[in-house]
Amino acid sequence: MEFGGYGALVVIPILAAVGLAEAFVFSRQRHQAFPWEESLASIGVGVVQAIKNTLTRATVFAALLWVWQFRFFTVPTDTWWGIALLFVAVEFFYYWHHRWGHEIRWLWATHSVHHSANRLTFLAAIRLGWTGEISGAILMFAPPILLGFHPVAVFAMLSVNLLYQFWIHSEVIPRLGWIEGILNTASNHRVHHAANPIYLDTNYGGITMIFDRIFGTYQAELPQEPCRFGLVHPLTSNNPIRIAFNEWIALFRDVFRSRDARARFMSAFGPPGWSADGNGQTTADLRRRAAE
Ligand SMILES: [Zn+2]
Ligand SMILES: [Zn+2]
């Protein structure tokens, strides 16, 4: 807690300064107004998420320590090779958790909050869902712990991963040459946050693009295809509560309207945009229609 308190004293002024610098560059470079209301909404969503995390941390940690006793190996994370393995493991499981966050609606209900901003600014990085605990967070944490990485080490490496991702949420940082294909950059992450059919469900990596390349989800930003940020159905509300529960409301509405058990199941656990008539708005549907 001590560290958290002092950390916040240092981090908050830095984030505020970086955010203001971006607003200045944004309006000069784009000749458009900076999205202040949306940025304030992101702060609101982020602050509640941070408070929620503080309140649930002890319970989540107790659950993960319980998982730890069933581990298959024990990796010493005080060695260089242990830390290197931890980096790769967290990157790998982050990739899959993030990918399922886009492919499974129950997980998307939480992750879609992060994608709901219609402009990409640094502050969009802290627009994070409040319901991770019921939306598959255990799928991210349990596998590396079972492989022998201590819960504290996994938490620490995931924090590094998320901290890294702050700077990649921006429209004002240009493409950066050869590192685009290796590291996660602002350009790669713009693609990830874009709703253009060609860009949907790509670039899931945290710090690197390695697993996107291996599993075929890498997509470079194309000069002829400017990013349209936000959700397929843009969310215009700047009310943090509406932002946090928008997809959950839609999910349960679809479940209750479903005619049979299969449709109920698919409305909750199928891909986002699934529809019983096969003519919905999944990424596959949208790509097919764009190609027609
Ligand atoms: Zn995402
Ligand atoms: Zn993001």
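Before any of the text, the structure's been laid out above.
Residues numbered from 1 in each chain as written. Chains lettered and ligands numbered in written order. Predicted model: local features only at pLDDT ≥ 70, side-chain atom pairs only at ≥ 80, totals over all residues.

## Let's talk about the overall build of the chain
Item 1. Scanning the chain from N- to C-terminus turns up 11 helices and 0 strands.
Item 2. For the chain, the succession of helices and strands along the chain, N to C, is α-α-α-α-α-α-α-α-α-α-α.
Item 3. Relative to its length of 292 residues, the chain is compact, with a C-alpha radius of gyration of 19 Å against a globular reference of 19 Å.
Item 4. By principal-axis analysis of the C-alpha atoms, the chain measures approximately 55 × 55 × 40 Å. (Helix = DSSP H or I, 4+ residues; strand = E, 2+ residues; numbered from the N terminus. Rg over C-alpha atoms; globule rule 2.2 N^0.38 Å.)

## Brief notes about the nonpolar core
Item 1. In terms of nonpolar packing, the biggest core is built from 19 residues, with Val45, Val113, Leu123, Ala124, Ala125, Ile243 and Ala244 touching the most fellow members.
Item 2. In this structure Ala125 touches Gln165, Phe166 and His169, once residues within four positions along its chain are discounted.
Item 3. Within the second largest apolar cluster, 15 residues are counted, among which are Leu86, Tyr94, Ala153 and Phe211. (Core = buried A, V, L, I, M, F, W, Y, C linked by C-beta atoms within 7 Å. Buried ≥ 20, exposed ≤ 12 C-beta atoms within 10 Å, placed from the backbone. Contact = placed C-beta atoms within 7 Å.)

## Concerning the packing of helix α9 (residues 240–257) against helix α10 (residues 261–269)
Item 1. Axis separation between α9 and α10 bottoms out at 8 Å; the angle between their running directions is 170 degrees. Of the possible angle classes, the one that applies to α9 and α10 is roughly antiparallel. Mapping the contact onto sequence places Leu251, Asp254 and Val255 in α9 and Arg264, Ser267 and Ala268 in α10. (Axes fitted to C-alpha atoms, helices over the stretch in contact; angles between N-to-C directions. Parallel < 35°, antiparallel > 145°, perpendicular 65-115°, else oblique.)

## Notes on helix α2 (residues 36–68)
Given 3.6 residues to a turn, an α-helix orients residues that are three or four positions apart in the same direction.
Item 1. The largest bend along α2 reaches roughly 50 degrees and is located at Thr56.
Item 2. Turning to α2, its buried residues are Glu38, Ser39, Ala41, Ser42, Val45 and Gln49.
Item 3. Here the buried face of α2 lies against α9. (Bend = angle between axes of the 7 residues up to and from the residue.)

## A closer look at the packing of helix α3 (residues 80–103) against helix α6 (residues 151–164)
Item 1. Interhelical geometry of α3 versus α6 gives an angle of 70 degrees and a closest axis separation of 10 Å. When the axis of α3 is compared with that of α6, the two are roughly perpendicular. Considering the relative orientation of α3 and α6, their crossing is right-handed. Contact residues: Leu86, Phe87, Val90 and Tyr94 in α3; Ala153, Val154, Met157, Leu158 and Asn161 in α6.
Item 2. Looking at the contact of α3 with α6 residue by residue, the class counts come to 8 nonpolar, 1 polar and no charged. (Left-handed = near helix turned anticlockwise from the far one by under 90°. Nonpolar A, V, L, I, M, F, W, Y, C, P; charged D, E, K, R; others polar.)

## What to know about the environment of His97
Item 1. Turning to its location among the elements, His97 is positioned in helix α3.
Item 2. For His97, a count of 22 C-beta atoms within 10 Å puts it in the buried group.
Item 3. The sequence separation of His97 and Ile138 amounts to 41 residues, and the corresponding C-alpha distance is 9.4 Å.
Item 4. The residues touching His97, leaving out its near neighbours within four places in the chain, are Gly136, Leu139 and Met140.

## Re the environment of Tyr218
Item 1. Of note, Tyr218 is situated in the loop between α8 (210–215) and α9.
Item 2. Measuring from C-alpha to C-alpha, the distance between Tyr218 and Asp201 comes to 9.3 Å, with 17 residues separating the pair along the chain.
Item 3. What Tyr218 contacts, discounting residues up to four positions off in sequence, is Thr202, Asn203, Met209, Asp212 and Arg213.

## Considerations on the environment of Ile241
Item 1. Positionally, Ile241 belongs in helix α9.
Item 2. Residue Ile241 is classed as exposed on the basis of its C-beta count, with 12 C-beta atoms lying within 10 Å.
Item 3. The sequence separation of Ile241 and Trp130 amounts to 111 residues, and the corresponding C-alpha distance is 9.8 Å.

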